[in-house]
Amino acid sequence: MSKDIRIKKGLDIKLVGEAETKTTDVNVSSVYAVKPENFHGITPKLLAKEGTVVNAGQALFYSKSDERILFPSPVSGKVTEIVRGARRKVLAIKIAADKTLAYADFGIKNPASMSGDEVKAHLLHAGCWPFIKQRPYDVIANPNQTPKAIFISGYATAPLAGDLSYTLNGKTQEITTALEALSKLTAGNVHISTGKREAELFKDISLDNAIIHNVSGPHPAGNVSTHIAEIDPINKGEVVWVVEPTDLVVLGELFLTGKLNLERIVALTGSQFNAPHYVRVISGASIADVVRGGDLNEDNTRLINGNPLPGNKTDKE
C-alpha cells in the first residue's frame, strides 16, 4: 500500500529566475571532463592514459576499493589531459570529443528475465553502478551488500529545481525498465515518491514490490532523506539505496539500447539569466558551453552547480 506523506514544517524559498518550459540543444563541446571528486569516498585507479582513444561508455578509471566499480567516458574521443593536484591526486580526466559520437555496445537486455546477480553484473560492466548511492553516508552503493529498500524521489521542492514532469516527459518506457531492473536488487520494496505534477510519470508502474507515495508540503518535502525517515527509517546495521529519477532514464536506456547515453536536460535558472530555460547537454560538458544559451549576465554573478542550497560554486572554466 502507498503511504501519503504530508510535510507541514519547512519553507519554499521563492527565488526569481524559474526556467521556462522550453529546451535548446547545446552543441557538442570540444572538451569534456570527468572529476573523481564528484563521487564521495572514491580513490581512482586510472585505466586510460593521455592519448588513449575511447568510446562513450568506455571506462576511464575504477575504484581502488572495488575494481568492479567503473567510471565511464561520457563521449567518444581522445584523452587529452589527466589533471592532477597535490600528491598527484587525480582531479579530472579531460576528453577531446569526436564530432560524431561512437558508443560502446553493452547489448540489449530484458531485466524482467534476468536475476538480481545478472542485473548487478550488467550495471557494473557498463559503468552505471555509480548512479546507485547508499545511505547512510551518501556514498556509492557497496555491491556486496543487499539494501533493505531502494528509494527514488520524483518530487523536486528545492528552490529553482527543474520540473521533473517536464524533463522526464516521454521517458516512461526507460523509467519502467530501470525500475524493473532495480527491483531485482533488493528483497524489500522500491519506494517512489511523487508530487501531483510528477505522478503521471509513474502511473503505469505495476511491479509487485514498487510502491508509489504521494508527497505534499514545503521543502524539504522532496528530499529523499525525508521520505526514508517517513517510510522506512534506517536502523543500526541497515542500508538503503537511492537513485535519482534522471538517472533512471540512463539505466533504462542502457537495457533498451545497449548504449550508455549520458545526455540530460538541465535547467538554467536564476535572476542573472536573461532567458532562464532548459538545455539538452551531455554530462561533463564545459560550463561555458552550457550557460552560453541562457544569455548570462556576468556582472557580480555566482555560478552554482546544483540548486542554491546544497549546490557547489563553480566557474565557466
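Reading the values: the criteria
Residues numbered from 1 in each chain as written. Predicted model: local features only at pLDDT ≥ 70, side-chain atom pairs only at ≥ 80, totals over all residues. Heavy atoms only, no water. Helix = DSSP H or I, 4+ residues; strand = E, 2+ residues; numbered from the N terminus. Buried < 20%, exposed > 50% of the residue type's maximum accessible area, 1.4 Å probe, protein only. Contact = heavy atoms within 4.5 Å. Core = buried A, V, L, I, M, F, W, Y, C linked by side-chain atoms within 4.5 Å. Salt bridge = Lys/Arg side-chain N within 4 Å of Asp/Glu carboxyl O.

J.: I keep staring at the side chain of Ser193 and nothing clicks. Help me out?
T.: Tracing the sequence through the fold places Ser193 in strand β13 (residues 189–194). A relative accessible area of 1% places Ser193 in the buried class. Discounting residues that sit within four places of it in the chain, Ser193 has contacts with Ile152, Ser153, Gly154, Tyr155, His213, Val215, His227 and Ile231.

J.: Explanation requested: the nonpolar core in the structure shown.
T.: Side chains of a nonpolar character, in soluble globular proteins, are inclined to be buried together. Counting residues in each nonpolar core, the largest one holds 69 residues, and the members touching the most others are Leu123, Trp129 and Leu179. For this core, the leading source of residues is helix α6 (residues 245–257), giving 6 residues. Apart from the residues within four sequence positions on either side, Leu179 is in contact with Ile152, Val190, Ile192, Phe202, Ile205, Leu207 and Leu248. Counting residues in hydrophobic clusters, the runner-up holds 12 residues, among them Ile5, Ile7, Ala149 and Val240.

J.: Help me understand the pattern of salt bridges in this model?
T.: Once the charged atoms of two side chains with opposite charge are near each other, the side chains can pair. Scanning all chains against the criterion turns up 11 salt bridges. Across the pair Arg280 and Asp25 runs a salt bridge whose closest N-O atoms are separated by 2.6 Å. Of this pair, Arg280 sits in strand β17 (residues 277–282) while Asp25 sits in strand β2 (residues 23–25), and the two are 255 residues apart along the sequence. Between Lys148 and Asp232 there is a salt bridge whose closest N-O contact spans 2.8 Å. Taken together, the residues span a long stretch of sequence, with Lys148 in the loop between β11 (139–140) and β12 (149–154) and Asp232 in the loop between α5 (224–231) and β15 (240–242) at a distance of 84 residues. When salt bridges with common partners are traced through the structure, they connect Asp25, Glu263 and Arg280 into a single cluster.

J.: Before we go on, may I ask you to explain the environment of Ile282 in this structure?
T.: Residue placement: Ile282 occurs in strand β17. Considering only alpha carbons, one finds Ile282 and Asp25, 257 residues apart in sequence, at a separation of 9.9 Å. Residue contacts for Ile282: discarding those within four places in its chain leaves Tyr32, Pro74, Val75, Leu101, Leu262 and Glu263.

All we've got here are geometric facts, nothing functional implied.
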